[in-house]
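The primary structure of each chain is shown beneath.
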Amino acid sequence: MGLGSESQQRMALVLSLLCLSLTCLARAAEQRSTYIVHMAKSEMPAEFSDHGDWYGVSLQSVSESAEIIYSYDTVLHGFSARLTQAEAEALETQPGVMFVNPEIRYDLHTTRTPEFLHLDETNGNNVYPQANTASDVVVGVLDTGVWPESKSYDDTGFGPVPANWKGTCETGPDFNSSACNRKLIGARFFSKGYEANKGPIDQTKESRSPRDNDGHGTHTSSTAAGSAVAGASLLGFATGTARGMAVGARVAAYKVCWVGGCFSSDILAAMDAAVSDGCGILSMSLGGGTADYFRDSVAIGAFSAMEKGVLVSCSAGNSGPGASTLSNLAPWITTIGAGTIDRDFPAYVTLGNGQKYSGVSLYSGKPLANSTLPIVYAGKVSNATVGNLCMPGTLVPEKVQGKIVMCDRGTNPRVQKGLVVQDAGGAGMVLANTAANGEELVADAHLLPAAAVGQKSGDSIKSYLLSDPNPMATIVFGGTQIGITPSPVVAAFSSRGPNIITPQILKPDLIAPGVNILAGWTGSVGPTGLAADPRRVEFNIISGTSMSCPHVSGLAALLKEAHPDWSPAAIRSALMTTAYSTYASDDGILDVATGKAATPFDVGAGHVDPPRAIDPGLVYDITVDDYLDFLCALNYTQFMIATVAKRANYTCDAKKSYAVSYLNYPSFSVVFGNGTTMVKHTRTLTNVGGAGTYKVNTLTSGAGDVKVAVNPSELNFKKSGEQQSYTVTFTSSTMPSGSTEFGRLVWSDGKHVVASPIAITWS
């Protein structure tokens, strides 16, 4: 029977839409995602002799088609698998299953530093005598892989691979086991999670092996522990000896990042392998936003690594200068921000009106053909509303041919903007910062003559070329300049506190060199990383907290070699309490984003100072039980603690008093809230030097009038290993929410200075 009436037609349409909606819902219900399944190892039924068999049966109980991607047994107990939401929810109800966590995608946080850090010598004496000799400390780098042919992995002078090393050199179509040696002692790749999410790896674009086709992994691992390479440079810039922080340490590469990102199932598998292989340090220049610790795969893996004596160093992120932009916030992770060094690569933009502006560039090709050329603003020679950004295909060739084009920074990569100008026929580029980047300058190896300038210079240049009827300009390149002051300054991109997950824990922990860093590079791509870049280099100069992280990873390896009995917390404490927050003039380290003195939310304890870290006098040590108490202070439930710490039946003691302020952290983050006017922190110091009497001094300044009382104010240590505790009471009147105050608490015996930053907030 036909549908003749209007009402019948409407009903048919409604039914059709309803059927379509139900079909979509059904398909959505069947959509699979990767989940990390945390199992209670101790609850394996007696009929199973192998945990893998138990995991498989547990998975089959909710899905006939799902398969295990990875089984984990070191940094966590459990497995990963592709599940529908319904299957994940059903699995979480099965015996022995503690938690089913959705996978997270992580992203990379993308020479002269040994001299800048005074690492080679102090007063003629090498403070790290083991720094240039082979050691058994292994730095595991989780990144984009490794380019084994790089001279940074030369094993000349190295003895046999450490006897306790359990790692391997995995092979692939373009990676043989012979690629490893006595320096690069391990190389693995982890792609199952990535391929489950993205499909098979396109091997025309990247290698399904440990080989680094991106450059990032080679750069970070050679920064941490690369061998010394004389005569290194990028296209003639920064010429000298390139070397890692821990020249004598061994390197193991774990490739977890691919063209489409880094996935937590692969990262956990790599952490699992790295700890089991025998790495003493894990360096991870990646991040995936913020999440509670029991939902954060890196935090979960790092807890078990810490428990086995492995220090985990992570980048803070490149989302600065906004507040609370940090990632990798767990207190058992060492979180590193970025600063500059005293080297720069100047370039100068001279306008037709005679005005001259300073910028930076790593351009090394032919100079501009003429002394001056017409200059145009991209926003005026574009066919797009965002033409000022020089996005691909947005410039009109007839309007830019043979001219210098001024582009605004933002959205697309800086080097890509230059390629866009070049493809449109432009002769050169001036890249201007906007308010988001201020006066921060990052040098790039552009494909055409180009200079980057700060916001103020950019605004002045823009005003000139928009007002002058015949604007002209030229760009001159100044090579490499050393001795830049002030240095360091905090990079604007470096992510900042406060800690959004646990405000009472100050992050970042400290800063290290992360701007314009020279280190090893891949042979697969040029220094810009663009497919159109035909150049191939052995070393590259790039910036990011990805670069500052491996500096600290390498320094941690030196400390671990010098003090093999120190825990990861003790090593971090030594790096933090000896860091500096002022220049020799006593002025505070500057923040390039504001032009003012940086705060502990920007720098944590300050800038790393290796010569002092080797002999810190006292350290703030933290045990696994201390971290468990910390989780109890956060009111974590039994399953939350089990997820983080792999303790299925752990319960907090109802009779015990817990507080985040009791955690023996080397810094103080004081939060006044809900009318609170007094906050107490307790700390315990361990003597790692000789006998001595330490006296305390405190200093605060800012919005409030906070009184700081330390009891006792004097600590007398008679022997190494002795521990003594103290309490700090912070008292304040009520202040408006958002107010801040900063300071330092310093213990000193006249020889050692054991300093802790103080950050005070009202909420």
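The protein chain is annotated in an unreviewed UniProt entry as Subtilisin-like protease from Rhynchospora pubera. For the record of the protein chain, the UniProt heading Subcellular location (unreviewed entry) holds the text "Secreted". Under Sequence similarities (unreviewed entry), UniProt gives the following word-for-word description of the protein chain: "Belongs to the peptidase S8 family."

**Student:** Please provide a residue-by-residue account of the overall build of the protein chain, values included.
**Tutor:** Secondary structure summary: the protein chain contains 17 helices and 40 strands in total. Since a compact globule built from 763 residues should have a radius of gyration of about 27 Å, the 28 Å found for the protein chain is in line with a globular shape. Based on the C-alpha atoms only, the size of the protein chain along its principal axes is roughly 100 × 80 × 65 Å. Out of the 763 residues belonging to the protein chain, those deemed buried represent 58%. Total accessible area on the protein chain stands at roughly 29200 Å², and carbon and sulfur atoms take up 50% of it.

**Student:** I'd like to hear about the pattern of salt bridges, residue by residue, with values.
**Tutor:** Evaluation of the coordinates by the stated rule reveals 22 salt bridges. The partner of Asp174 in a salt bridge is Arg211, with the nearest N and O atoms 3.8 Å apart. Residue Asp174 is located in the loop between β6 (138-143) and β7 (184-189), and its partner Arg211 is located in the loop between α5 (192-198) and α6 (216-225); the two are separated by 37 residues in the primary sequence. Residue classification places Arg211 among the buried residues on the basis of a relative accessible area of 8%.

**Student:** Before we move on, can you summarise helix α12 (residues 545-562) with the specific residues and values?
**Tutor:** For α12, with 18 residues, the first-to-last C-alpha span of 26 Å sits near the 26 Å given by 1.5 Å per residue. The buried fraction of α12 amounts to 16 of the 18 residues, a majority that puts the element mostly inside the structure.

**Student:** Outline the environment of Ala273, supporting the account with residue identities and numerical values.
**Tutor:** Among the structural elements, Ala273 can be located in helix α7 (residues 264-277). Owing to a relative accessible area of 13%, Ala273 belongs among the buried residues under this scheme. In contact with Ala273, not counting residues within four places along its chain, are Arg188, Phe190 and Tyr254.

**Student:** Break down α6 for me, with residues and values.
**Tutor:** Within α6, 10 of the 10 residues are buried, leaving the element largely enclosed by the surrounding structure. Looking at α6, one finds that the buried residues are His216, Gly217, Thr218, His219, Thr220, Ser221, Ser222, Thr223, Ala224 and Ala225. In this structure, the buried residues of α6 make contact with β5 (105-108), β6, β10 (250-255), β28 (517-520), β29 (539-542) and α12.

**Student:** Requested: an account of the sheet that holds strand β1 (residues 33-39), with residues and values cited.
**Tutor:** Judged by pairing direction, the sheet is antiparallel, and its four strands sit side by side in the order β2-β3-β1-β4 without closing on themselves. Looking along the sheet, the strands with just one partner apiece sit at the ends: β2 (68-72) and β4 (97-102). Strand-to-strand twist of the sheet, defined as the mean angle between neighbouring strand axes without regard to direction, takes the value 25°. Sheet topology places β1 next to strand β3 (residues 78-83); six bridges connect them, and they run antiparallel. What sits directly across from Thr34, in β3, is Arg82.

**Student:** Kindly report on the sheet that holds strand β33 (residues 668-672), identifying the contributing residues and their values.
**Tutor:** One open sheet holds the five strands; their spatial order is β33-β40-β39-β35-β37, and the pairing between them is mixed. A single partner strand is all that each edge strand has here, and the edge strands are β33 and β37 (714-717). Neighbour-to-neighbour, the strand axes of the sheet open up by a mean angle of 20°, direction not taken into account. In this sheet, strand β40 (residues 753-762) lies alongside strand β39 (residues 740-748) in antiparallel orientation, the contact comprising nine bridges. Note that in β40 the partner of Thr740 across the bridge is Thr761.

**Student:** Talk me through the environment of Ser177; I want residue IDs and the actual numbers.
**Tutor:** The residue Ser177 is located in the loop between β6 and β7 in this model. Assessed through its relative accessible area of 46%, Ser177 is described here as partly exposed. Ignoring anything within four residues of it in the chain, the contact list for Ser177 reads Cys169 and Thr171.

**Student:** Hey, could you go over the packing of α12 against helix α13 (residues 568-577) for me, with residue numbers and the actual values?
**Tutor:** Close contact between α12 and α13 brings their axes to 10 Å; oriented N to C, the two are set at 115°. Considered as vectors, α12 and α13 are oriented roughly perpendicular to each other. The crossing of α12 and α13 is right-handed. Taken together, the residues of α13 that come into contact with α12 (itself represented by Val552, Leu555, Ala556, Leu559 and Lys560) are Ile571, Ala574 and Leu575.

**Student:** Can you break down the state of the cysteines residue by residue, with the values?
**Tutor:** Two cysteines whose sulfur atoms are joined by a covalent bond form what is called a disulfide. Within the structure shown, the criterion is met by four disulfides. The disulfide bridge from Cys169 ends at Cys180, spanning 2.1 Å between sulfur atoms. Linking Cys169 and Cys180, the disulfide has an S-S dihedral of approximately 80° and is accordingly described as right-handed. A residue pair is termed long-range when its members are at least 10 positions apart, and Cys169 in the loop between β6 and β7 and Cys180 in the loop between β6 and β7 qualify at 11 residues. Each member of the pair Cys169 and Cys180 is classed as buried. Put simply, Cys632 and Cys652 are joined by a disulfide, and their sulfur atoms are 2.0 Å apart. As the torsion about the S-S bond is roughly -90°, the Cys632-Cys652 disulfide counts as left-handed. One end of the pair, Cys632, is in helix α16 (residues 624-633); the other, Cys652, is in the loop between α17 (638-645) and β33, and 20 residues separate them in sequence. Numbered in order of appearance, the disulfide-bonded cysteines of the protein chain are paired 1-2, 3-4, 5-6, 7-8.

**Student:** Explain the UniProt feature "domain: Inhibitor I9" (unreviewed entry) in the protein chain to me, and be specific about the residues and the numbers.
**Tutor:** What UniProt calls "domain: Inhibitor I9" (unreviewed entry) maps, in this numbering, to residues 34-109. For residues 34-109, the end-to-end C-alpha separation is 23 Å, with 22% helix and 36% strand making up the annotated structure.

**Student:** Hey, could you go over the nonpolar core for me, with residue numbers and the actual values?
**Tutor:** Formed by 108 residues in total, the largest nonpolar core has its most connected members in Tyr254, Ile267 and Trp332. The element that contributes the greatest number of residues to this core is α7, accounting for eight residues. Those residues in contact with Ile267 that lie beyond four places of it in its chain are Tyr106, Leu142, Val256, Cys262, Met284, Leu286 and Val298. Membership of the second largest hydrophobic core comes to 36 residues, among which are Val229, Leu395, Val420 and Phe539.

**Student:** Explain the layout of surface pockets to me, using residue names and the numbers behind them.
**Tutor:** Considered as a void within the structure, the second largest pocket measures approximately 710 Å³ in volume. Lining the second largest pocket we find 28 residues, and of these Ser581, Thr582, Leu699, Gly743 and Arg744 sit closest to its centre. Put simply, the parts of the chain that give the lining of the second largest pocket at least two residues each are α14 (600-603), β35 (692-702), β39 and β40. The leading source of residues in the lining of the second largest pocket is β35, at five residues.

**Student:** Residue-level account of unusual backbone geometry, with values.
**Tutor:** Cis rather than trans, the peptide bond between Gly320 and Pro321 has omega equal to 5°. Note that Pro321 resides in the loop between β15 (311-315) and β16 (334-339). Cis geometry is adopted by the peptide bond preceding Pro712, which originates at Asn711 and carries an omega value of -5°. Looking at the element boundaries, Pro712 is found in the loop between β36 (707-711) and β37. Its identity is not glycine, yet Asp586 carries a phi of approximately 75°, on the positive side. Positionally, Asp586 belongs in the loop between α13 and β30 (590-591). Phi at Asn635 takes a positive value of approximately 65°, unusual for a residue other than glycine. With respect to the secondary-structure elements, Asn635 resides in the loop between α16 and α17.

Here is what the cut-offs are and how they apply
Residues numbered from 1 in each chain as written. Predicted model: local features only at pLDDT ≥ 70, side-chain atom pairs only at ≥ 80, totals over all residues. Heavy atoms only, no water. UniProt positions renumbered as here; feature names shortened; annotations may be inferred. Helix = DSSP H or I, 4+ residues; strand = E, 2+ residues; numbered from the N terminus. Rg over C-alpha atoms; globule rule 2.2 N^0.38 Å. Buried < 20%, exposed > 50% of the residue type's maximum accessible area, 1.4 Å probe, protein only. Areas by Shrake-Rupley, 256 points an atom, 1.4 Å probe, with all protein chains shown as cover. Salt bridge = Lys/Arg side-chain N within 4 Å of Asp/Glu carboxyl O. Expected span 1.5 Å × (residues − 1). Contact = heavy atoms within 4.5 Å. Pairing = 2+ DSSP bridges. Axes fitted to C-alpha atoms, helices over the stretch in contact; angles between N-to-C directions. Parallel < 35°, antiparallel > 145°, perpendicular 65-115°, else oblique. Left-handed = near helix turned anticlockwise from the far one by under 90°. Disulfide = S-S within 2.5 Å. Core = buried A, V, L, I, M, F, W, Y, C linked by side-chain atoms within 4.5 Å. 1 Å grid on protein atoms, 1.4 Å probe; cavity = no way out; pocket = protein on both sides within 12 Å on 5 of 7 lines; lining within 4 Å. Points joined across faces, edges and corners; volume = space filled by probe spheres on them.

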